[in-house]
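# Coordinates in review
Below, each chain spelled out in residue letters.
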Amino acid sequence: MGSSYISQKETNETTSPVGSGVTLLITLGQLDNLTGYSSDKANKLTQALDTLRHLGGIDLPTLAIGSITIVLIVVLSRTRLRSLGMVVALAAATVLVPLIGWDSVALVRDLAEIPRGLPAPVLPSLSAFFGLLIPALSLA
C-alpha cells in the first residue's frame, strides 16, 4: 500500500538503480526516527539489521505515532485533501502525542533548538569557495 504510493511519486531519474539505491538509503536512514531505536552501527544497512535484532529496544509509542502518520498520509492522498494530506497528518500526530501523554516520543524541541524568528542575513563565508567550486561546476 505505502510502497506503491511512494513509487508513484518517484520521477524517472529515481527509478534507475542508482536512484532506487538513494531512495532505499533515505528510507533506511529514517528507521531510527520511526522506531525510536538508535543503532551505533557504521552504515544504514547494518543499522537497519541491528534494529531488527533489537526489537525490544523499539519505542512502541514512537512506532505507533510514526505508523499512524504514514497511514494518514497515504489515505489522505486518495481524498479531496490530497494536497494537504501531509500537513493534516503531521498536525494530527502533533496534537495526538500530548493528548495521549506519550512522553517517550521525541519532539523537534528534543532534537534541536527552534529559533523564535528568522536569522539575520549574512554574506557567505568565502573560505568554502574552493571546496564548493568543483561540486557546483558538476551540477551546472
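No experiment lies behind these values; they were computed from the predicted model shown.

Helix and strand counts for the chain come out as eight helices and zero strands. In sequence order, the chain lays out its α and β elements as α-α-α-α-α-α-α-α. The buried share of the chain, reckoned over its 140 residues, is 19%. A separation of at least 24 residues holds for 45% of the contacts in the chain among residues at least 6 apart in sequence. Surface exposure of the chain reaches about 11,000 Å², of which carbon and sulfur atoms provide 68%.

Attention shifts here to helix α6 (residues 85-100). If you check α6, its first and last C-alpha atoms are 22 Å apart, about what 16 residues at 1.5 Å a residue would give, namely 22 Å. At its buried positions, α6 is contacted by α5 (60-76). Count one or two residues on from α6 and you reach G101, which has phi positive near 85°.

Aromatic rings in a pair are described by how distant their centres are and how their planes are angled relative to each other. This model, assessed by the stated rule, comprises one aromatic pair. On the numbers, 5.1 Å between centres and 80° between planes, the contact of F129 with F130 is edge-to-face. Among the residues examined, F129 registers a relative accessible area of 44% and is labelled partly exposed. The exposure class assigned to F130 is exposed, which follows from its relative accessible area of 67%.

Of the residues in the chain, 88% reach a pLDDT of 70 or more, and the chain-wide mean stands at 85. Between the elements of the chain, mean pLDDT differs from a low of 52, seen in helix α1 (residues 2-9), to a high of 94, seen in α5.

This paragraph deals with the side chain of T69. As for its placement among the helices and strands, T69 is situated in helix α5. Using a relative accessible area of 10% as the deciding quantity, one classes T69 as buried. If sequence neighbours within four positions are ignored, T69 has contacts with A89, L90 and A93.

Rules behind the numbers
- Residues numbered from 1 in each chain as written.
- Predicted model: local features only at pLDDT ≥ 70, side-chain atom pairs only at ≥ 80, totals over all residues.
- Heavy atoms only, no water.
- Helix = DSSP H or I, 4+ residues; strand = E, 2+ residues; numbered from the N terminus.
- Buried < 20%, exposed > 50% of the residue type's maximum accessible area, 1.4 Å probe, protein only.
- Contact = heavy atoms within 4.5 Å.
- Areas by Shrake-Rupley, 256 points an atom, 1.4 Å probe, with all protein chains shown as cover.
- Expected span 1.5 Å × (residues − 1).
- Phe/Tyr/Trp six-rings, centres within 6.5 Å; stacked < 30°, edge-to-face > 60°.
- pLDDT = per-residue confidence, 0-100.

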